[in-house]
Amino acid sequence: MPTVSVKRDLLFQALGKTYSDEEFDELCFEFGLELDEITSERDIISREQGGEKASGASDVVLYKIDVPANRYDLLCLEGLVRGLQVFKQRIEAPRYKRVKASGGEAQKLIITKETAAVRPHAVAAVLRNIRFTQERYDSFIELQEKLHQNVCRKRTLVAIGTHDLDTISGPFTYTAKAPNDIRFTPLNQSSEYTANQLMGLYKTDSHLRHYLHIIEDEPLYPVIYDSNGVVLSMPPIINGNHSKISLNTQNVFIECTATDLTKAKIVLDMMVTMFSEYCAEPFTVEEAEVLYPDGRCCVYPELAYRTETLSGDFVNRRVGIKESAESIAALLTRMCLRSEVTGQGDEIRVEVPPTRSDVIHACDIMEDAAIAYGFNNIIRTTPKTYTVANQLPLNKLTELLRTDLAAAGFTEALTFALCSQEDIAEKLGKKIKDVKAVHIANPKTAEFQVARTTLLPGLLKTLAANRKMPLPLKLFEISDIVLKDDKRDVGARNNRRLCAVFYNKSPGFEVIHGLLDRVMQLLEVNPGRDHGYHIQAAEDSTFFPGRCAEIFARGQSVGHLGVLHPDVINRFELTLPCSALDLDIEPFL
């Protein structure tokens, strides 16, 4: 869940009321939020960097509030205050309006065909006659960053650019050029750079280096120019310094370039609805025209209101309450969803504003009704349908075996389900192409490249990490391995295995063999070839030649046991003989 940090005093000033910490925590809970932490800038720096670094930092109290990931309208102080005020019925939800340019033609953003291969979509709007204070400016910048990390998916889907409209002149052109053909002064820099030079400059930047991969391998980089050839931005990396907004900015041009047009519309709507309240005419946004290469002309922002209908009975049954349609409509209105009863039975008409892109189904509306009603106010009832839970048979068998193996003197280990290709192949004397392993597409470390196909490497690594412990070392693990299986819809399946190792100055094959006999005794499988179990000599590159046996139970192969090959032991940095048992326990259910 995203976390929004707001200054407590500024928040209370905007709400028009002062709360104690406990009262505000309760208000957040009622509204479906959570007050995660009460801290200050000094406390944060002191905790992360030490007390010396915190000297001079602010002691202003900060509230860190957890916000649902789909509630983009609550990611800034303005949206949070507006939502809480409507919820407490102190104000009505505002109506957002798109207006035409008062001075003549609307601002135009022309998209060229070259952008199709990199970021084909763009939307734009203008906030006219806006007034910034330091707090409003900080909130404006922070909302962009929150949206970039959330709905924009770290700028891969959408990148936001905000510009001082009085320093540039339209129409604006969104195109794509070769990196060496793009040259401008980036934000907060004093020198001009080419796009290639910028990529090198920002490779060490702690903030921007995370976005370079989005376009750095592309032959053309996206760029936005004004009518005089001034670069506004090179999305999704950096804006130009020429059009940088400040506290003195009065007219803001907002552009969003994207690979996903729907997300771009949502992001633009959020930016303008949150901060249009500071315009000379509150909650109005000046439209901008976007011209596509195929000749289409679209006007943004859409600020679209839509209507949904649902019945009061639907909400009552899903939430578990008994409220009239009028009461439910009032609850929804408190959640910024203007609602009214249509007069046709208990039907309710709900108006979804442009700020509520999270409402996509009647269930979302029902959830808001439940929040407004108060989860603690819902009467607890006994379900009409009774179900009795049972432990999964496989897990029950696993738990029983774990207890008895521990009683037999073996210590249980729990190892990682992921391992390196070398662990399940070369180190065990096998070739990776012969192993039915599920590979990780983009492994972050060489230690976690594949899902394990046997429990043995994990136990041998555990032995290597505990070589200084008194001998003998007796370990076991009962867990899942993952095997490729074309018959499954996901192409793989889990398989519950039992693996045990005995590590001592002598191989101890008889100890592992005795453990197998004990396991079979617990599973009530008697020795015998037809309906019981038996072992027979086998060859396996993991085991020493002539000291390996395959285990058969009720006519099918269920595992191996034997003395490990010296090469296998050495590859896991062990120095003493080791015997092992590997058994599939699923056939015994």
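Conventions adopted
Residues numbered from 1 in each chain as written. Predicted model: local features only at pLDDT ≥ 70, side-chain atom pairs only at ≥ 80, totals over all residues. Heavy atoms only, no water. Helix = DSSP H or I, 4+ residues; strand = E, 2+ residues; numbered from the N terminus. Rg over C-alpha atoms; globule rule 2.2 N^0.38 Å. Contact = heavy atoms within 4.5 Å. Pairing = 2+ DSSP bridges. Core = buried A, V, L, I, M, F, W, Y, C linked by side-chain atoms within 4.5 Å. Buried < 20%, exposed > 50% of the residue type's maximum accessible area, 1.4 Å probe, protein only. Axes fitted to C-alpha atoms, helices over the stretch in contact; angles between N-to-C directions.

Novice: Even after reading the chapter, I still don't get the overall build of the chain, so can you show me in this structure?
Specialist: Along its length, the chain carries 15 helices and 29 strands. A globule of 589 residues ought to have a C-alpha radius of gyration of about 25 Å, yet the chain, at 33 Å, is considerably larger. Taking the principal axes of its C-alpha atoms as reference, the chain extends roughly 95 × 65 × 55 Å. Across the chain, every contact between residues at least 6 apart in sequence was considered, and the portion connecting residues at least 24 apart equals 69%.

Novice: Can you walk me through the sheet that holds strand 5 (residues 107-111) in this structure?
Specialist: Sheet strands pair by backbone hydrogen bonding; their relative direction is either parallel or antiparallel. Ordered by their spatial adjacency, 7 strands build an open sheet running 13-12-11-8-5-16-17, and the pairing between neighbours is mixed. A strand with exactly one partner marks an edge of an open sheet, and here the two such strands are strand 13 (238-239) and strand 17 (297-300).

Novice: Any chance you could explain the nonpolar core here in plain terms?
Specialist: Grouped together as the largest cluster of nonpolar side chains are 77 residues, with contacts concentrated most on Leu11, Phe24, Ile65, Leu127, Phe140, Leu147 and Ile254. Ranked by the residues each element gives to this core, the list is headed by helix 7 (residues 261-275), at 9 residues. The contact partners of Leu11, leaving out residues within four places of it in the chain, are Val6, Phe24, Tyr63, Leu77, Leu80 and Val81. Listed in part, the 29 residues of the second largest apolar core include Phe502, Ile551, Ala553 and Leu583.

Novice: Honestly, the sheet that holds strand 18 (residues 306-311) in this entry has me stumped. Any pointers?
Specialist: Pairing is antiparallel in the open sheet, where 3 strands are placed in the order 18-20-19. Since the sheet does not close on itself, it has two edges, and those belong to strand 18 and strand 19 (339-341), each with one partner. Between one strand and the next, the sheet's axes are offset by a mean angle of 25°, whatever the strand orientation. Here 6 bridges tie strand 18 to strand 20 (residues 347-352), and the two strands are oriented antiparallel to one another. Residue pairing across strands places Ser311 opposite Glu347, the latter belonging to strand 20. Along the sheet, helix 8 (residues 312-319) makes contact with strand 18 and strand 20, crossing strand 18 at roughly 65°. Strands in contact with helix 9 (residues 325-333) are strand 19 and strand 20; relative to strand 19, the strand with the most contacts, it is inclined by about 170°.

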